[in-house]
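Per-entry structural report
Below are the chains, spelled out letter by letter.
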Amino acid sequence: MTPQLTTEQQATQAGTTDCALLGETHLTGEQFGALMGGMTEVAGPDISQAEAHLLVCEQCAAELASLREAISLFREASNAYADEELRSRPRWILPARRSLSHSLIPAYWVAATAMFLTALLPMQVMRRHSVAPPAAGVSSVAVSNTASDTQSDEALLEDVNSEISASVPTSMQALADPTADASTANNETSVPTTDQKKD
Amino acid sequence: MAFEGAQMFPSTSVSLGNEARATPLDDLENVVALYQPRVFRFLLATLRDRDAAETLTQETFLRAWSARASFREDCSVATWLIRIALNLARDHTRTGRFRFWKRVTASAVDVAEVAAFVPTHERSAEAQLIAKQQVAGIWETVAGLSARQRSIFLLRFMEEMEIPEIAAVTGLPLGTVKSHLYRALAIIRAQHDSSPNNIKTHGATTKETE
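Procedures and definitions
Residues numbered from 1 in each chain as written. Chains lettered and ligands numbered in written order. Predicted model: local features only at pLDDT ≥ 70, side-chain atom pairs only at ≥ 80, totals over all residues. Heavy atoms only, no water. Phe/Tyr/Trp six-rings, centres within 6.5 Å; stacked < 30°, edge-to-face > 60°. Helix = DSSP H or I, 4+ residues; strand = E, 2+ residues; numbered from the N terminus. Buried < 20%, exposed > 50% of the residue type's maximum accessible area, 1.4 Å probe, protein only. Axes fitted to C-alpha atoms, helices over the stretch in contact; angles between N-to-C directions. Parallel < 35°, antiparallel > 145°, perpendicular 65-115°, else oblique. Contact = heavy atoms within 4.5 Å. Nonpolar A, V, L, I, M, F, W, Y, C, P; charged D, E, K, R; others polar. Patch = residues over 30% accessible without salt bridge, like charges linked within 9 Å, V, L, I, M, F, W, Y side chains within 5 Å. Areas by Shrake-Rupley, 256 points an atom, 1.4 Å probe, with all protein chains shown as cover. Salt bridge = Lys/Arg side-chain N within 4 Å of Asp/Glu carboxyl O. Left-handed = near helix turned anticlockwise from the far one by under 90°. Core = buried A, V, L, I, M, F, W, Y, C linked by side-chain atoms within 4.5 Å. pLDDT = per-residue confidence, 0-100.

Observations concerning the packing of aromatic side chains
This structure, assessed with the given rule, holds 5 aromatic pairs over all chains. Geometrically, the ring pair formed by A:Tyr81 and B:Phe117 is edge-to-face, given 5.7 Å between the ring centres and 70° between the ring planes. Placement of the pair is A:Tyr81 in helix α5 (residues 58–87) and B:Phe117 in the loop between α5 (111–115) and α6 (125–144), with the two residues belonging to separate chains. Residue classification places A:Tyr81 among the buried residues on the basis of a relative accessible area of 3%.

The structure is reproduced here in structure tokens:
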């Protein structure tokens, strides 16, 4: 006697996994999303039903696999593009900069110290030469120089102050009183005339 | 705006004082070296603008370093950085200037450039072409999602974060994250099913499913 097969067994034996034969409906949008998004732990008890459906429904399994593959390609392509974009900008390569800067730090310090000492040594030598022998004479000259410098500075400042406080700058004096200039000019022109007359 | 690299950041040897708690972000050069590609990828896919992604990546690390004292290590450094990046991207996209320039800027990402990076996996020329078209289709569909749907989709499928982690990064309840992800997937699935290449491959399937 041939045992009675269930619909599912009949479908499997026939080599087909059409849900219509099994009397099942395809995955709902929510089930599909839950399987795609990996939300099995938060999608409720019907996720196991959806997973069981995938085992017998080639169509749903193929659609899910196709979308999974497309999204996987999207991730790989996007990441590869971003990484290439990052590589094309040399200043972003931090590890290289880091190793370079770390390796150069001692060299920077040695160079800076050497330059400092080189600059300091002649100054010390000059100081010894200038301060040691004729202390009184040199210092008096230095003091007198400083005093004369101060005086000349003060004179210069006074000149500047008077220039600023003057209503008309010296360079513009000629234009300050055109009448006076004219009379002066007339006088100047007349003087030779009188002189000429005298002559 | 050019990224100045490590010199933009304060020296990692800066003393934090005796009271300051040591955090994984103190060694900023190392943190940048480890997480910069990931933050840049996420921002580039979110904003689709190379210059903006570069600038905001730099800003992400600067903010992370400045606020390192508030990092309580209740999540990973990567999660914390992505959270900062997401907030910066959100602020950036809210500005009218971004909306106006996003389609005309010279540094906008061209979908064909992205599709060119589809791995070959020893496919035939035809299969490679189909794969490129599928990637281009998804890239364009993701661009059309709402800001939240896009962020959540990218966090799930590019960053490969679990749902609770996405909820932590976005500050949204689990249920809200799930519903945004469902909607995003439904839109992408619809685009994928309607794509000519997919109909060619799975045409019978699509018809019967409908």
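Focus on the packing of helix α4 (residues 46–56) of chain A against α5(A)
Residue and element names in this part refer to chain A. Packing of α4 against α5 brings their axes to within 6 Å, and their N-to-C directions diverge by 105°. Relative to α5, α4 is oriented roughly perpendicular. Between α4 and α5, the residues in contact are His53, Leu54 and Val56 and Glu58, Cys60, Ala61 and Leu64, respectively. Among the residues forming the contact of α4 with α5, the class breakdown is 5 nonpolar, 1 polar and 1 charged.

A closer look at a nonpolar patch on the surface
Taken together, the side chains of A:Phe116, A:Leu117 and A:Leu120 make up a nonpolar region of the molecular surface, amounting to roughly 290 Å² of accessible area. For A:Leu120, a relative accessible area of 32% translates into the label partly exposed.

A few points about the packing of α6(B) against helix α9 (residues 174–194) of chain B
Each pair of packed helices gets described by two things: the angle between the helix axes and the distance between those axes. Residue and element names in this part refer to chain B. Relative to each other, α6 and α9 sit at 145°, their axes nearing to 10 Å. Pair α6 / α9 crosses with right-handed handedness. In contact with Gln134, Gly137, Ile138, Thr141 and Val142 of α6, α9 contributes Ile187, Ile188, Gln191 and His192. Broken down by class, the residue content of the contact of α6 with α9 amounts to 4 nonpolar, 5 polar and no charged.

Section: the nonpolar core
In this structure, A:Met36, A:Ile71, A:Phe74, B:Leu43, B:Val142, B:Phe153 and B:Leu154 are the most contacted members of the largest nonpolar core, which totals 79 residues. Top element by residues in this core is α5(A). It accounts for 11 residues. Setting aside chain neighbours within four positions, we find A:Ile71 in contact with A:Met36, B:Ile138, B:Phe153, B:Phe157 and B:Leu185.

What about the confidence of the model for chain A?
Residue and element names in this part refer to chain A. Confidence in the prediction for chain A averages 67 pLDDT; 48% of positions are at 70 or higher. Mean pLDDT across the elements of chain A ranges from a minimum in helix α9 (residues 178–198), with 46, to a maximum in α5, with 91. pLDDT under 50 marks residues 94–104. Its contacts with residues more than four places away, or in other chains, come to 13 contacts.

Some details on unusual backbone geometry
All names here are of chain B. Positive phi, close to 60°, is recorded for Arg48, a residue that is not glycine. Locating Arg48 in the fold gives a position in the loop between α1 (28–47) and α2 (50–66). For Glu160, which is not glycine, the phi dihedral falls at a positive 55°. With respect to the secondary-structure elements, Glu160 resides in the loop between α7 (147–157) and α8 (163–170).

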